[in-house]
Amino acid sequence: MNELLEIIKSSGLVPVFNHDDPVTAKRVIRACYDAGLRVFEWTNRGDQAMLIFSRIIHYVKDEMPEMIVGVGSVFNGGTARDYVLLGAMFIVSPVLDPGLSETCKELDVLWIPGAGTATEIYQARKWGASIIKIFPGDAVGGPAFVKAILGPMPDVQLMPTGGVSPTRENLAGWFNAGVCCVGIGSKLFTRELVEDEDSTKLIESIRGALEIIGEIRRGS
């Protein structure tokens, strides 16, 4: 699990994606891999989300063995268990739930809970969370919230999702505030890029975001 934590933190970017077409989903995951990412979060959203995940996870294992795939938007232990049995290597939730925490401990899988207050972040730490998702990142106060939290809790590892975009200005705000990584969904995977069967521009966009993150980190 420590190795997984290091991969997530070193990448700086957790791509968050869901699509109801397995072919499109595979193409996007492949683009992430080709751009240099080794972590990917599939969103548990829609009636077919688990079924599609069961299809794409085999593709990932066969074609991209270094890719670590987790599942987000998980609200309970039962759903987490089902996804882990299918191959999910980490579980992300927008909320803080003790039952989900216990299930992830039982399964020995990385759990990244969502939090939006100092109390929730503190409780998540008590329940064993190594990385805590700040959600929705922009609505709870943005980078200023992160700075405020890291004052009394300087060793907490925070990953904002929601309100994060792959621009230099936005990413600099978050990383200079002290986050360990960021989650980006629709602002990285625009409809135009996702629907283009030629993934060249999508790969360039992802690679560009990773380069910006690297430059910001070296500068700080």
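See above for the structure.
This write-up is about the structure you can find in this document. (Residues numbered from 1 in each chain as written. Predicted model: local features only at pLDDT ≥ 70, side-chain atom pairs only at ≥ 80, totals over all residues. Heavy atoms only, no water.)

A closer look at the pairing of strand β2 (residues 39-43)
Operational definition: Only protein chains enter the calculation, and the probe is 1.4 Å; a residue is then buried if its accessible area is under 20% of its type maximum, exposed if over 50%, and partly exposed in between. Counting from the N terminus, the helices are the DSSP runs of H or I reaching at least four residues and the strands are the DSSP runs of E reaching at least two. Note on handedness: a clockwise path from strand one over the helix to strand two, with the strands aimed away from the viewer, defines a right-handed crossover. Criterion used throughout: strands pair if DSSP finds at least two bridges between them.
Of all five residues in β2, five are buried; the element is thus mostly enclosed. Alternating residues of β2 divide into Val39, Glu41 and Thr43 and Phe40 and Trp42, and every residue in both groups is buried. Between strand β1 (residues 13-17) and its parallel partner β2, the chain crosses via helix α2 (residues 22-35), and the hand of that crossover is right-handed. Both β2 and strand β3 (residues 68-72) contribute to a ladder of five bridges, which runs parallel. What sits directly across from glutamate 41, in β3, is glycine 70. Crossover handedness for the path β2 to helix α3 (residues 49-63) to β3: right-handed.

Side note on the state of the cysteines
Note on terminology: a disulfide is the covalent bond linking the sulfur atoms of two cysteines. Put simply, the rule is: When two cysteine sulfur atoms lie within 2.5 Å, the pair is treated as a disulfide.
Enumeration according to the criterion identifies zero disulfides in this entry. The structure places no disulfide on cysteine 180, whose sulfur is separated from the nearest cysteine sulfur, that of cysteine 181, by 3.6 Å.

With respect to helix α4 (residues 77-86)
Operational definition: Here, the arc refers to the directions that run from the helix axis to the C-beta atoms. Whether two residues are in contact is decided by their heavy atoms: any pair within 4.5 Å suffices. Polar contact criterion, stated in full: a pair of N or O atoms within 3.5 Å, where within protein one must be able to donate a hydrogen and the other to accept it, and residues adjacent in sequence count only if both atoms are side-chain atoms.
Every buried residue of α4 is accounted for by Gly77, Thr79, Ala80, Tyr83 and Val84. Along the axis of α4, the buried residues cluster in a sector spanning 160°; they form a single face. Residues of α4 that are buried make contact with β2, α3, β3, β4 (90-92) and α5 (98-107). Among the residues of α4, the N-terminal cap falls to asparagine 76, whose side-chain oxygen and the backbone nitrogen of glycine 78 are separated by 3.2 Å. Just past α4, the residue glycine 87 takes up positive phi, approximately 130°.

What to know about the pattern of salt bridges
Spelled out, the test is: Here, a salt bridge means any side-chain nitrogen of Lys or Arg that lies within 4 Å of a carboxyl oxygen of Asp or Glu.
If you walk through the whole model with that rule in mind, you get seven salt bridges. Among the ionic pairs, aspartate 34 bridges to arginine 30, the shortest N-O distance being 3.2 Å. With aspartate 34 and arginine 30 both in helix α2 and four residues apart, this pair spans about one turn of that helix. With relative accessibility at 36%, the residue aspartate 34 sits in the partly exposed group. Looking at arginine 30, the relative accessible area reads 25%, which means it is partly exposed. The closest approach of N and O atoms between glutamate 215 and arginine 168, which form a salt bridge, is 2.8 Å. Of this pair, glutamate 215 sits in helix α10 (residues 200-219) while arginine 168 sits in helix α8 (residues 168-177), and the two are 47 residues apart along the sequence. Of the residues examined, arginine 168 reaches a relative accessible area of 45% and is grouped as partly exposed.

Concerning the environment of alanine 31
Residue placement: alanine 31 occurs in helix α2. The spatial distance from the C-alpha of alanine 31 to the C-alpha of serine 205 is 9.9 Å, given a sequence separation of 174 residues. Once you skip the residues sitting within four places of it in the chain, alanine 31 turns out to touch Ser199, Leu202, Ile203 and Ile206.

A short note on unusual backbone geometry
Glycine aside, the phi torsion of most residues is negative, and most peptide linkages are trans. For the bond running from phenylalanine 135 to proline 136, omega is -15°, close enough to zero to count as cis. Counting through the fold element by element, proline 136 comes out in the loop between β7 (132-134) and α7 (142-150). Its identity is not glycine, yet serine 73 carries a phi of approximately 60°, on the positive side. Among the secondary structure elements, serine 73 is positioned in the loop between β3 and α4.

Limitation: the analysis is restricted to geometry and does not speak to function.
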